[in-house]
Amino acid sequence: MSKAKLPDPPLLVGLSVAITLLFLGLMVVVPLASVFAQAFSKGIGVWWESVSNTDTLAAVRMTLLATLGSVPLNTVFGISAAWLVTKYRFPGRQFLLALIDLPFSVSPVIAGLIFVLLFGAQGWFGPWLQEHDLKIVFSWPGMILATAFVTFPFVARELIPVMDELGNQSEEASVMLGAGGWTTFVKVTLPAIRWGLLYGVILCNARAMGEFGAVSVVSGHIRGETNTLPLHAEILYNEYDFAGAFATASLLTLLAGATVALKLWLERKVRR
Amino acid sequence: MSRSIPGFRLTLGITISWLSILVLIPLGGLFLKAGTIPPARILEVLTDARTLAAFRVSFGCAAVAALVNALVGPVVAWTLVRYRLPAHRLIDALIDIPFALPTAVAGITLTTLYAETGWIGKLLLPLGIKVSYSSLGIVIALIFVGLPFVVRTVQPVLEDFPVEAEEAAALLGASRWQTLFKVIFPALRPAILTGALLSFARCVGEYGSVVFIAGNMPYKTEILPLLIITNLEQYQYGEAAAIASAMLLVSFLLLILGNRLQSRLATKVSR
């Protein structure tokens, strides 16, 4: 790794290493340690009770539902969008790329707000939904929509650079040899992009499970019904049940740890 | 130009449909909703002292956090690329934690840490520094959230930096410090700016990590997303939409300006 053959002055080395370790220690390591210290502050028994009670389990179910409802849709979208912008050149392509990135710079709270404005009681489709006895906001479909909005660009963003770098020769050869579009995708493209795709899905998944602002606006905070794990942690925290809040937070921290570990594993695979 | 690969219509269809259903139509609805209240009322809401204060807090704190990350991020990237640390891969992986950690977890954790009884807050209390429930707290939360962006955009540029350029500088008599500031740093500037812009874009709208530590005092530590929620809870849908629309327009404008500056820097470097 240290390809610099020229020796750096000790002051430079010392200063950069010290700043790095201090910054990461203070900003990342200490907070991570504190999550678990707080979670187990009243012993492992209280922790276990907190993560296994019915409210927490309901929050786990809601989190999984919001994730399973949004990640697959965004995966299909991400693959088609990446295919579209890397295999073809067409007018408006740059604009489309900007639109794909758009949700990234929209506040999660606004992401929730737009669905309340569309489907809430006062919203554009509110009266029609009420007539047909359908509920989107303050119910699970709204949670899925808000989560999907926030995680919209993740898979596409990971795939586009990967597919750009691979080029189109393999696909062109495959088509020339008589393979159809679908066969070409499954047999030629997919094997080449699988690790990039998996990484995009993992990132999308982590963000979906941890989303807070957007789902907070559309959830209505109905305990046991529309609470996800992050919302559950918020409620417990606001009720001064710190051990409970951090027990839930510790589950989400483990999720973050698993995400990062999977990323390391994937990077090692790609390098080989 | 390779239209010979099939799938143009299918992927165009899927992409445009999902983009429209999930992003374009709902965002359009937001601007339409803002238009349902009279223009005078929009102006009144947007120029209200509380709204303006929230604009300052959200954009100001995001800018400060982006600046801090633009200063520290390159140092972290430099260390990770140039030196071998013990447990190097683990330390490198720490950079991704703020990306992967749910924002609410970051929020309650930082608040607890920096509260007067917390691990760090306890140490800062005798110095008279108050972090939790102040704008300093907001900035710290946003530094955490924006941390990966600068590091991860600068790292690959530094890895690809030609050793020859450094050797040439040394042969011409430059010291390592001169090489660092006159040869390496200028080449990193576009990447640093890109990372800082990404961090800024993410931080302006940030909610989960900020709302716990901010204390949420109107005029002082109230962020825009919270003001939007407050309006929503009072059933002032038009007002909420107006603030949200203004917020989106301002941040898009700033990002477009930033990207212009970035591409100008990038062409200067490549020349």
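Here the structure is a predicted model, which is why all the values come from computation and not from measurement.

What counts, and where the lines are drawn
The residue numbering used here restarts from 1 in each chain and proceeds along that chain's sequence as written. Numbering of ligands from 1 and lettering of chains from A proceed in the order in which they are written. Since the coordinates come from a predicted model, pLDDT governs what is reported: local features require at least 70, and pairs of side-chain atoms require 80 or more to be given and counted, while whole-chain, interface and lining totals use all residues. Numbering of helices and strands runs from the N terminus; a helix is a DSSP stretch of H or I covering at least four residues, while a strand is a stretch of E covering at least two. Once C-beta atoms are placed from the backbone, each residue is buried if 20 or more other C-beta atoms lie within 10 Å of its own, exposed if 12 or fewer, and partly exposed for counts between those two. Contact between two residues is assigned whenever their backbone-derived C-beta positions fall within 7 Å. Residues are grouped as follows: nonpolar covers Ala, Val, Leu, Ile, Met, Phe, Trp, Tyr, Cys and Pro; charged covers Asp, Glu, Lys and Arg; every other residue, Gly included, is treated as polar. Marked domain ranges trace back to an automatic or database domain assignment. Given the number of residues in a helix, its expected span is that number minus one, multiplied by 1.5 Å. Bend, in this description, refers to the angle at a residue between axes fitted to the seven residues ending there and the seven starting there. Under the definition applied here, buried Ala, Val, Leu, Ile, Met, Phe, Trp, Tyr and Cys residues are grouped into a nonpolar core through C-beta atoms within 7 Å. Think of each axis as a best-fit line through the C-alpha atoms, taken over the contacting stretch in the case of a helix, with angles from 0 to 180 degrees between the N-to-C directions. If you view the pair so one helix is near and one far, a crossing is left-handed when the near helix is turned anticlockwise from the far one by less than a right angle, and right-handed when it is turned clockwise. Here roughly perpendicular refers to angles of 65 to 115 degrees, roughly parallel to angles under 35, roughly antiparallel to angles over 145, and oblique to all remaining angles.

*Asks:* Looking at this structure, how should I read the overall build of chain A?
*Replies:* Secondary structure summary: chain A contains 13 helices and 0 strands in total. Seen in sequence order, chain A has helices and strands lined up from the N terminus as α-α-α-α-α-α-α-α-α-α-α-α-α. Overall size of chain A, expressed as C-alpha extent along the three principal axes, is 70 × 60 × 30 Å. Within the span of chain A, comprising 272 residues, buried residues form 46% of the whole. For chain A, the proportion of contacts with a sequence separation of at least 24, taken over those separated by at least 6, is 76%.

*Asks:* Would you take a moment to explain the overall build of chain B for this structure?
*Replies:* The number of helices and strands found in chain B is 13 helices and 0 strands. Secondary structure elements in chain B, listed N-terminal to C-terminal, are α-α-α-α-α-α-α-α-α-α-α-α-α. In terms of overall dimensions, chain B has a C-alpha envelope of 70 × 70 × 30 Å along the principal axes. When burial is assessed residue by residue, chain B has 47% of its 271 residues classed as buried. Sequence-distant contacts, at least 24 apart, represent 79% of the contacts inside chain B between residues at least 6 apart.

*Asks:* Sorry if this is basic, but what is going on with the interface of chain A and chain B here?
*Replies:* Often, the extent of an interface is quoted as the loss of accessible area upon association of its parts. Every contact between the two is made by 79 residues of chain A and, on the other side, 72 residues of chain B. With 17 residues, the top contributor of residues to the side of chain A that touches chain B is helix α1 (residues 10-39) of chain A. Class assignment of the residues belonging to the side of chain A that touches chain B gives a composition of 54 nonpolar, 16 polar and 9 charged.

*Asks:* I would appreciate a short explanation of the domain arrangement of chain A in the present structure.
*Replies:* Residues and elements named next belong to chain A. Parsing chain A into structural domains produces domain 1 (11-40) and domain 2 (43-271). Put simply, the middle of domain 1 and the middle of domain 2, counted by C-alpha atoms, are 29 Å apart. Listed by partner, the interface residues are 6 residues for domain 1 and 9 residues for domain 2. Class assignment for the residues of the side of domain 1 that touches domain 2 results in 5 nonpolar, 1 polar and no charged.

*Asks:* Please clarify how α1(A) should be interpreted in this entry.
*Replies:* Along an α-helix, a turn takes 3.6 residues, which lines up residues three or four apart on a common side. All names here are of chain A. Between its first and last C-alpha atoms α1 spans 41 Å; for 30 residues at 1.5 Å apiece the expected length is 44 Å, and the two agree. Largest kink in α1: about 45 degrees, centred on Gly25. What α1 keeps buried is the set Ser16, Thr20, Leu24, Val28, Pro31, Ser34, Val35, Gln38 and Ala39.

*Asks:* Is there a simple way to explain helix α3 (residues 49-82) of chain B in this structure?
*Replies:* In this model, α3(B) (34 residues) spans 49 Å end to end at C-alpha, consistent with the 50 Å of a helix rising 1.5 Å per residue. Its axis deflected by about 30 degrees at B:Val72, α3(B) carries its strongest bend there, up to four residues before the proline B:Pro74.

*Asks:* How do you make sense of the nonpolar core when you look at a structure like this?
*Replies:* Within the largest apolar cluster, 151 residues are counted, with the highest numbers of intra-cluster contacts made by A:Leu113, B:Leu142 and B:Ile228. Each of two domains, domain 1 (11-40) and domain 2 (43-271) of chain A, supplies a minimum of three residues to this core. For A:Leu113, the contacting residues outside a window of four places in its chain are A:Val217, B:Leu30, B:Ile228, B:Leu232, B:Ala240 and B:Ala244.

*Asks:* Mind showing me how you'd approach the environment of A:Pro230 here?
*Replies:* Looking at the element boundaries, A:Pro230 is found in helix α12 (residues 229-238). In the structure, A:Pro230 is positioned 171 residues away from A:Ala59 in sequence and 8.5 Å away in space, judged by C-alpha atoms. Once residues lying within four places of it in the same chain are set aside, the contact partners of A:Pro230 are A:Gly210, A:Glu211, A:Phe212, A:Leu252, B:Pro102, B:Ala104 and B:Gly208.

*Asks:* Just to check I follow, could you spell out the packing of helix α3 (residues 54-87) of chain A against helix α8 (residues 154-166) of chain A for this structure?
*Replies:* Two quantities define a packed helix pair, namely the angle between the helix axes and the distance between the axes. All names here are of chain A. Running from N to C, α3 and α8 point in directions that differ by 35 degrees, and their axes come no closer than 8 Å. Regarding α3 and α8, the two cross each other, and that crossing is right-handed. Touching Asn74, Thr75, Phe77, Gly78, Ile79, Ala81, Ala82, Val85 and Thr86 of α3 are Phe154, Val155, Ala156, Leu159, Ile160, Met163 and Asp164, all from α8. A breakdown of the residues in the contact of α3 with α8 according to their chemical character gives 11 nonpolar, 4 polar and 1 charged.

*Asks:* Hey, could you run me through the environment of A:Met62 in this one?
*Replies:* Residues and elements named next belong to chain A. Assignment of secondary structure puts Met62 in helix α3. It is 21 Å that separates the C-alpha atoms of Met62 and Gly257, two residues lying 195 residues apart in sequence. Contact partners of Met62, with chain neighbours within four places excluded, come to Met143, Thr226, Asn227 and Thr228.

*Asks:* Honestly, the environment of B:Gly29 in this entry has me stumped. Any pointers?
*Replies:* All names here are of chain B. Here Gly29 shows up in helix α1 (residues 8-34). For Gly29, a count of 20 C-beta atoms within 10 Å puts it in the buried group. Counting along the chain gives 212 residues from Gly29 to Ala241, while the straight-line C-alpha distance between them is 9.2 Å.

*Asks:* What's the story with the packing of helix α13 (residues 242-271) of chain A against helix α6 (residues 103-114) of chain B in this structure? I'm lost.
*Replies:* Interaxial distance between α13(A) and α6(B) falls to 10 Å at its minimum, and their mutual angle equals 130 degrees. Comparing their axes, α6(B) and α13(A) come out oblique. Judged by the sense of rotation from one axis to the other, the crossing of α13(A) with α6(B) is left-handed. Here A:Ala245, A:Ala249, A:Leu252 and A:Thr253 of α13(A) lie close against α6(B), whose contacting residues are B:Val105, B:Ile108 and B:Thr109. When its residues are assigned to classes, the contact of α13(A) with α6(B) shows 5 nonpolar, 2 polar and no charged.

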